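Geometric and topological summary
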Amino acid sequence: MAHAVELAALGPVYGPNPRVGCVLLAPEPDEGAWSNHVGAPRGGPAPDDVGDARPRRVIGEGYHRGAGTPHAEIDALHDARRRGIDPRGATAVVTLEPCSHTGRTPPCAEGLAAAGIGHVVYAVTDPNRLAAGGAEVLRTRGIRVTHAPHERASALNDVWATAVRRGAPFVTLKVATTLDGRVAAADGTSRWITGDLARAHAHEVRRRVDAIIVGTGTVAADDPALTARNADGALAGHQPLRVVVGTREVPAGARLRGPGGELVHLATHDVHVVLAELGGREIRHVLIEGGPTLATAFLRADVVDELHAYTAPLVLGAGAPVVGDLGVDTLAAAAQWRTVHVERLGDDVLMIARRHRPRTARDAADADSDADADATARADAGMGTATALTDSVGNGPPTASETVRARKEPA
Ligand SMILES: NC(=O)C1=CN([C@@H]2O[C@H](COP(=O)(O)OP(=O)(O)OC[C@H]3O[C@@H](n4cnc5c(N)ncnc54)[C@H](OP(=O)(O)O)[C@@H]3O)[C@@H](O)[C@H]2O)C=CC1
Ligand SMILES: Nc1c(N[C@@H]2O[C@H](COP(=O)(O)O)[C@@H](O)[C@H]2O)[nH]c(=O)[nH]c1=O
Ligand SMILES: [Zn+2]
């Protein structure tokens, strides 16, 4: 399963579909094929999560490359056939329950059954109600099915699964502030609060989300392009949707209208309308980069899942605060957050925190493992949301990006 997770991680983190990996194992233990077994322990065979006394030969592997392309299981079956191997009787180890539905592609449960697969081991129950039920379909075909929960397999699609269960996107709120929590000086100047490394980091995050949201106030003040750019300034291959919220028009010459992701203007102040609209477009992960008005509206509605707070060593003493009144009049009424990652970026510091919401009975029923939710969130900070983040809360190693101080992103 660990190798299936590695394969899954090769897929795109953005887009409507999950990252899924699949490894096909030969039906019988095969002494001669030791060198083909990825991760075979040097000291000799050991039980693996397929339940065998010793690892088996890998006869095919695959992963999902994004909506509309073959699912991991089908990709792995193709791989076996490319190798000239008949997968009949093989075990399919897959990170997500095989799908049972005809969506953009045919159902994998049927594909595995048709290929004569003898045993399916999967890590995560599919939270997508349209696609779920593949395990049962396989059982009714007489195929042995094992559910083997795996923390990293869950963590890999944590953001996606949250969005799919909810039918609305996972929400990340990014703010770049001074030490005294200001996003602009008294005269309105707001560029160059945080440095180049923070900017590069924020662009890396943009490359991983499906949509970026700002309010019309930010469009008017900053004229942002809201594109995802590589280190050399060139547009990244994946461009998130650019969403502007508010009643004012986006000016004809706005940079937002230039090259980049599709521009969507939502003339509303209702955050739930915004999220429903984006959920309807299969947007799984949104990044809010708006000003204090938008940040306040989303926090007040308690729809923010993750906070990315970039803090610069500047003290202004006056100027717009990052967030307005949230209706919190006593400490006990404040929303609870848990820090899942801290990183120094030049002179700035990034803190990533996840909203801590007690699990409902439904969440517990949906969950695949007993893994602590924070552990999942920390793992996700490294794989799902921010880039190359280590679990560095208090004890992580310094990152390669800790050396240079530079300037704030011009968006
Ligand atoms: N440091 C940072 O992280 C950032 C700083 N900034 C700075 O913030 C400032 C702009 O702040 P701000 O005007 O708050 O920017 P916003 O992006 O939050 O836009 C606010 C506008 O959006 C519309 N709007 C959308 N939703 C709501 C809602 N729920 N309630 C009320 N209005 C809503 C309103 O305009 P309408 O009348 O059109 O409906 C409102 O005036 C600039 O100085 C900018 O440089 C901006 C982004 C990031
Ligand atoms: N195995 C697996 C998925 N399994 C299920 O299929 C759903 C998407 O189906 P479709 O619209 O046909 O692409 C997805 O939400 C998930 O529930 N999806 C994937 O994109 N890749 C895969 O490898
Ligand atoms: Zn499938």
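Thresholds, definitions, all that
Residues numbered from 1 in each chain as written. Chains lettered and ligands numbered in written order. Predicted model: local features only at pLDDT ≥ 70, side-chain atom pairs only at ≥ 80, totals over all residues. Heavy atoms only, no water. Donors = N, O, S within 2.8 Å, 3.2 Å for Na, K, Ca; no water. Helix = DSSP H or I, 4+ residues; strand = E, 2+ residues; numbered from the N terminus. Buried < 20%, exposed > 50% of the residue type's maximum accessible area, 1.4 Å probe, protein only. Polar contact = N/O pair within 3.5 Å; in protein donor to acceptor, adjacent residues only side chain to side chain. Near = heavy atom within 4 Å. Areas by Shrake-Rupley, 256 points an atom, 1.4 Å probe, with all protein chains shown as cover. Salt bridge = Lys/Arg side-chain N within 4 Å of Asp/Glu carboxyl O. Pairing = 2+ DSSP bridges. Phe/Tyr/Trp six-rings, centres within 6.5 Å; stacked < 30°, edge-to-face > 60°. Lys NZ or Arg CZ within 6 Å of the ring centre and 35° of its normal. Axes fitted to C-alpha atoms, helices over the stretch in contact; angles between N-to-C directions. UniProt positions renumbered as here; feature names shortened; annotations may be inferred. Contact = heavy atoms within 4.5 Å. Nonpolar A, V, L, I, M, F, W, Y, C, P; charged D, E, K, R; others polar. Core = buried A, V, L, I, M, F, W, Y, C linked by side-chain atoms within 4.5 Å.

**So, the coordination of the zinc ion (ligand 3)**
Summarising the metal site, the zinc ion (ligand 3) is bound by the protein donors His71 (ND1), Cys99 (SG) and Cys108 (SG), whose distances to it range over 2.0 to 2.2 Å. Mapping the donors of the zinc ion (ligand 3) onto the primary sequence yields the spacing H-x27-C-x8-C. Highlighted residues: His71 in the loop between strand S2 (58-63) and helix H2 (72-82) and Cys99 in the loop between strand S3 (91-96) and helix H3 (108-114), separated in sequence by 28 residues. Since its relative accessible area comes to 17%, His71 is described here as buried. A relative accessible area of 5% means that Cys99 is categorised as buried.

**Here we look at the side chain of Thr91**
Structurally, the position occupied by Thr91 is in strand S3. Separated by 3.1 Å, the side chains of Thr91 and Arg56 make a polar contact.

**Let's talk about the site of ligand 2**
With respect to spatial proximity, 17 residues lie near ligand 2, and among them Asn17, Ala72, Arg104, Asp126 and Asn128 are the closest. Contact between ligand 2 and Ala72: an oxygen atom at 2.7 Å from a main-chain N or O atom of the residue. Taking Asn128, its side chain carries an N or O atom lying 2.9 Å from an oxygen atom of ligand 2. In the complex, 97% of the free accessible area of ligand 2, which totals 480 Å², lies under the protein chains.

**A short note on the pattern of salt bridges**
Following the criterion strictly, the structure yields 22 salt bridges and no others. Residue Glu289 is joined to Arg206 by a salt bridge in which the shortest nitrogen-to-oxygen separation is 2.7 Å. Taken together, the residues span a long stretch of sequence, with Glu289 in the loop between strand S10 (285-288) and helix H10 (292-300) and Arg206 in helix H7 (residues 196-206) at a distance of 83 residues. Close ionic contact of Asp302 with Arg357 constitutes a salt bridge, the shortest N to O distance being 3.3 Å. Pair noted here: Asp302 is in the loop between H10 and strand S11 (306-312) and Arg357 is in the loop between strand S13 (348-355) and helix H11 (361-366), with a separation of 55 residues, a long-range link.

**Some details on the pairing of strand S12 (residues 337-345)**
Looking at chain direction, S12 and S13 are connected through eight bridges and run antiparallel. Bridge pairing links Arg344 to Val349 in S13. Between S12 and S13, which follow one another and run antiparallel, lie two residues, and Gly346 among them has a positive phi close to 65°.

**Focus on the packing of aromatic side chains**
Counted according to the given criterion, the structure contains zero aromatic pairs. The ring of Tyr63 is capped by Arg65, whose NZ or CZ atom sits 4.0 Å from the centre of that ring.

**As for the sheet that holds strand S4 (residues 119-124)**
Strand order across the open sheet formed by five strands is S2-S1-S3-S4-S5, with mixed pairing between neighbours. In the strand order of this sheet, the two ends are held by S2 and strand S5 (144-147), each with one partner. Sheet twist, expressed as the average angle between the axes of neighbouring strands with direction ignored, equals 15°. The pairing of S4 with S5 spans four bridges and is classified as parallel.

**Comments concerning the UniProt feature "binding site: Zn(2+)" (unreviewed entry) in the chain**
Feature annotation in UniProt assigns "binding site: Zn(2+)" (unreviewed entry) to the following positions: His71, Cys99 and Cys108. Spanning 38 residues, the named residues form one tight spatial group whose C-alpha atoms are at most 8.9 Å apart. With near-sequence residues (within four places) excluded, His71 lies in contact with Asn17, His64, Cys99, His101, Thr105 and Cys108. Within the secondary structure, Cys108 sits in helix H3.

**Let's talk about the site of ligand 1**
If you check the shell around ligand 1, you find 23 residues, and the closest are Ser190, Thr216, Thr218, His269 and Thr293. In the model, a nitrogen atom of ligand 1 is placed 2.8 Å from a nitrogen or oxygen of the Ala176 main chain. Contact between ligand 1 and His269: an oxygen atom at 2.5 Å from a side-chain N or O atom of the residue. Those elements that place two or more of their residues in the shell around ligand 1 are strand S6 (170-178), helix H8 (216-222) and H10. Here the element with the most residues in the shell around ligand 1 is H8; it accounts for five residues. When the residues that make up the shell around ligand 1 are grouped by side-chain class, the tally is nine nonpolar, eleven polar and three charged.

**Some points on the nonpolar core**
Membership of the largest hydrophobic core comes to 43 residues, with the highest contact counts inside it found for Leu24, Ile117 and Val120. With five residues, the single largest contributor to this core is S4. Look past the residues within four positions of Leu24 in its chain and what remains in contact with it is Arg57, Val58, Ile59, Gly60, Ala76, Leu77, Ala80, Pro87, Thr91, Ala92 and Ile117. Grouped together as the second largest cluster of nonpolar side chains are 25 residues, Ile213, Val286, Ile288 and Val322 included.

**Focus: the sheet that holds strand S8 (residues 241-245)**
Ordered by their spatial adjacency, eight strands build an open sheet running S9-S8-S7-S10-S6-S11-S13-S12, and the pairing between neighbours is mixed. Only two strands of the sheet have a single neighbouring strand rather than two, namely strand S9 (263-266) and S12. Each neighbouring strand pair of the sheet contributes to a mean axis angle of 20°, computed without reference to strand direction. Those strands touched by helix H6 (residues 158-166) are S6, S10 and S13, and its axis lies near 120° from that of S6. With respect to the sheet, helix H9 (residues 271-280) is in contact with S6, strand S7 (211-215), S8, S9 and S10, its orientation differing from that of S8 by roughly 155°.

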